[in-house]
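# Commentary on secondary and tertiary structure
What follows is the residue order along each chain.
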Amino acid sequence: MTTRRQFLASLTAAASMAGVAGAPKFAFGKTANGKTLIKIFQRGGADGLHLFPLFGDPYYYMYRPDLAIEPPSSDPESAVSLGSSMRGMNPNLQLLREIWDTGNMMLAPSTSFIGNNLSHFDCQRWIGTGARNNLIDGYLNRYMQTVPGPDHALRGIVAGKTSISTEIGGTIVVPAIQQASTFNLSNADLCSGNGCADNQLTEIMRQINSHDVDLSAVEGRVRDNQLIMLESIEEVQRAGVNYTPSAGGLNYSNRDIGRGLRLCAQLLKAGVPLEVAALDWNNGWDTHANQTDLSANRFTNQNRSYNRGMTTAAMDLVCFYRDMGAAMANIVVLVGSEFGRTKKQNGSMGTDHGTGGAWFAFGGPTTGGIAQDVTTLDDTVNRPNLLPNITSYRDIVGEIMIRHMGMSQQLVSTIFPGHTFTNLNLFVGNTA
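Positions within a chain are numbered from 1, following the residues in the order the chain's sequence is written. Residue-level local features of this predicted model are given only where pLDDT is at least 70; pairs of side-chain atoms are given and counted only at 80 or more, and the full residue set underlies all totals for whole chains, interfaces and linings. Excluding hydrogens and water, the side-chain values take into account all heavy atoms of the structure.

For the protein, the count of helices and strands is 11 helices and 16 strands. A buried classification covers 57% of the 432 residues belonging to the protein. A contact between two residues is defined here by any heavy atoms of the two lying within 4.5 Å. Look at the contacts in the protein between residues 6 or more apart in sequence, and 72% of them connect residues 24 or more apart. Total accessible area on the protein is roughly 16,600 Å²; 50% of this is exposed by carbon and sulfur atoms. Helical segments are the DSSP runs of H or I of at least four residues, strand segments are the runs of E of at least two, and each set is numbered from the N terminus. Under the scheme applied here, a residue whose accessible area is under 20% of the maximum for its type counts as buried, over 50% as exposed, and between as partly exposed, the area being computed with a 1.4 Å probe on protein chains only. Each accessible area is a Shrake-Rupley estimate made with a 1.4 Å probe; only the visible protein chains count as cover when residues are assessed.

With that settled, the discussion passes to the packing of aromatic side chains. Think of a pair of aromatic rings as described by two things: how far the centres are apart, and how the planes are tilted against each other in angle. Only Phe, Tyr and Trp rings take part, Trp by its six-membered ring, and two of them pair if their centres are within 6.5 Å. Stacked means planes under 30 degrees apart, edge-to-face means over 60, and tilted covers everything else. Taken as a whole and assessed by the stated rule, the structure comprises 12 aromatic pairs. Ring plane angle 80° and centroid distance 5.2 Å describe the contact between Trp-281 and Trp-285, whose orientation is recorded as edge-to-face. Neither residue differs from the other here; Trp-281 and Trp-285 are each classed as buried. Ring plane angle 80° and centroid distance 5.9 Å describe the contact between Trp-285 and Tyr-306, whose orientation is recorded as edge-to-face.

What follows covers the nonpolar core. By convention a nonpolar core is built from buried Ala, Val, Leu, Ile, Met, Phe, Trp, Tyr and Cys residues, the set being connected through side-chain atoms within 4.5 Å. One finds Ile-40, Leu-96, Trp-281 and Phe-320 to be the most contacted residues of the largest nonpolar core, which totals 58 residues. In terms of residue count, the dominant contributor to this core is helix α9 (residues 305-324) (10 residues). Those residues within four positions of Phe-320 in sequence are excluded, and the remaining contacts are Ile-38, Tyr-252, Leu-261, Cys-264, Ala-265, Met-328, Ile-331 and Val-333. Judged by nonpolar contacts, the second largest core, of 41 residues, contains Val-158, Ala-361, Tyr-393 and Phe-421.

Structural elements are reduced to axes, namely lines fitted to C-alpha atoms, with helices fitted over the stretch in contact, and the angle between N-to-C directions of any two is expressed from 0 to 180 degrees. Where helix α5 (residues 139-146) meets helix α10 (residues 393-404), the axes come as close as 13 Å, and the angle between the chain directions of the two elements is 30°. As judged from the angle between their axes, α5 and α10 are roughly parallel. In terms of crossing hand, the pair formed by α5 and α10 is right-handed. Residue-level contacts link Tyr-139, Leu-140 and Tyr-143 of α5 to Tyr-393, Val-397 and Met-401 of α10. Residue type decides the class: Asp, Glu, Lys and Arg count as charged, Ala, Val, Leu, Ile, Met, Phe, Trp, Tyr, Cys and Pro as nonpolar, and the leftover types, Gly among them, as polar. Looking at the contact of α5 with α10 residue by residue, the class counts come to 6 nonpolar, no polar and no charged. Comment on the angle field: the value is read as roughly parallel under 35 degrees, roughly antiparallel over 145, roughly perpendicular from 65 to 115, and oblique elsewhere. What makes a crossing left-handed is the near helix being turned counterclockwise from the far one by less than a right angle; a clockwise turn instead makes it right-handed.

The next thing to look at is α5. When you tally the buried positions in α5, you get 6 out of 8 residues, the bulk of the element. Those residues of α5 not exposed but buried are Tyr-139, Leu-140, Asn-141, Arg-142, Tyr-143 and Met-144.

The residue Cys-264 is located in helix α8 (residues 256-269) in this model. For the pair Cys-264 and Ala-239, spaced 25 residues apart in sequence, the C-alpha to C-alpha distance is 9.8 Å. Setting aside anything within four residues of it in sequence, one finds Cys-264 in contact with Ile-38, Ala-159, Leu-274, Ala-277, Leu-279 and Phe-320.

What follows covers the packing of α8 against α9. The N-to-C vectors of α8 and α9 enclose an angle of 5°; their axes lie 9 Å apart at closest approach. One element, α8, and the other, α9, form an angle in the roughly parallel class. Residues Ile-257, Gly-258, Leu-261, Cys-264, Ala-265, Leu-268 and Lys-269 of α8 form the contact with α9, whose own contacting residues are Ala-313, Asp-316, Leu-317, Phe-320, Asp-323 and Met-324. In terms of residue class, the contact of α8 with α9 is made up of 9 nonpolar, 1 polar and 3 charged.

In this section: the pattern of salt bridges. Each reported salt bridge corresponds to a side-chain nitrogen of Lys or Arg within 4 Å of a carboxyl oxygen of Asp or Glu. Evaluation of the coordinates by the stated rule reveals 16 salt bridges. Note that Lys-39 is salt-bridged to Glu-167, the shortest N-O span being 3.4 Å. Of this pair, Lys-39 sits in strand β3 (residues 36-42) while Glu-167 sits in the loop between β7 (156-159) and β8 (172-173), placing them 128 residues apart in sequence. Residue classification places Glu-167 among the buried positions, given a relative accessible area of 0%. The residue Asp-101 makes a salt bridge to Arg-97 at a minimum N-O spacing of 2.5 Å. Accessibility expressed as a relative area gives 49% for Asp-101, which makes it partly exposed.

Worth remembering: the numbers are spatial, not functional.
Right, dumping it as structure tokens:
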């Protein structure tokens, strides 16, 4: 059987496809339902209290004298209003207000899972596999194994980077594609022309596959999979030709999140039945020190990469939302980190590993607003210096799969072994 630790072929630095020599198992099923889930991982432990400040609680300012963002006002350094007397949005995420105001964006401010041990490595792996154990398959891969889907090798992808994400890696082969223009198979000895314009390797592979010869069972499967791989490469490349987003002047960045969202938009607009995609939003989230400075515009200074990364990603997300237009009714974008950070700033003007973090989603049947939240950061109420885990990320993902993707609720325990599903009503729609 296939594992993500093996490879179907030698790919360029811009593309990799997990498989095995001979016969990888592709994400084939029966029918497509036309729905898509895009999961974006903020690796590093994003500070939910900084992304979505709890300005309505005086303890927020007591515990974070240098990091706390002021309540919404005309000051560009203040929090962006979400219509709540308690929660706001980081000023660098100002562009997201466009989506929030449509009533199609949800915030779950204290999201994590029981068993969080504050380790980046463990928590990213456990979230990715959907359980606190040593499972190999990610929960998105188990979804593709369990739920019939489109007969297409691009049913699931990793977008914007070249490594397989834990959430989607596993038995079913998925490609990791950094961007459409450079997704290809190549060999230096079989390339000529600028940028391998004459790729003799793929041409030779097609010629071999065109011969009607008797093959062993294994050789036949290899040939079939070669054809699928070549056709997928062509389909990805065609989708990216002369692509211009329909986003009112916005364009995607060349960061991992921007490349990934651009690729998803290209494929979906080209009619590819993309069902699940895994992306990363990397921004130096592990802010143990110097999370800000003491300058006048310390929260919005774009010379600081931390601030600039938030601003750029907000632009990418809004660009995608605009670009997809009415098709956003069929797409849910879910953003989350392995954990949040401590309530209190440390002695290095930073924050340390925590528990509950801020997850948010938009598109599809997302019900706008703020999910269950803390009312105070007071240590006499909550676990000392750690935000509580109010919302399980498994329930958020499970509800998306049920309400948006059309999966039977009975299958949640298969996707997330050992988990008892709780319906939080964060997404509207018909249950299966």
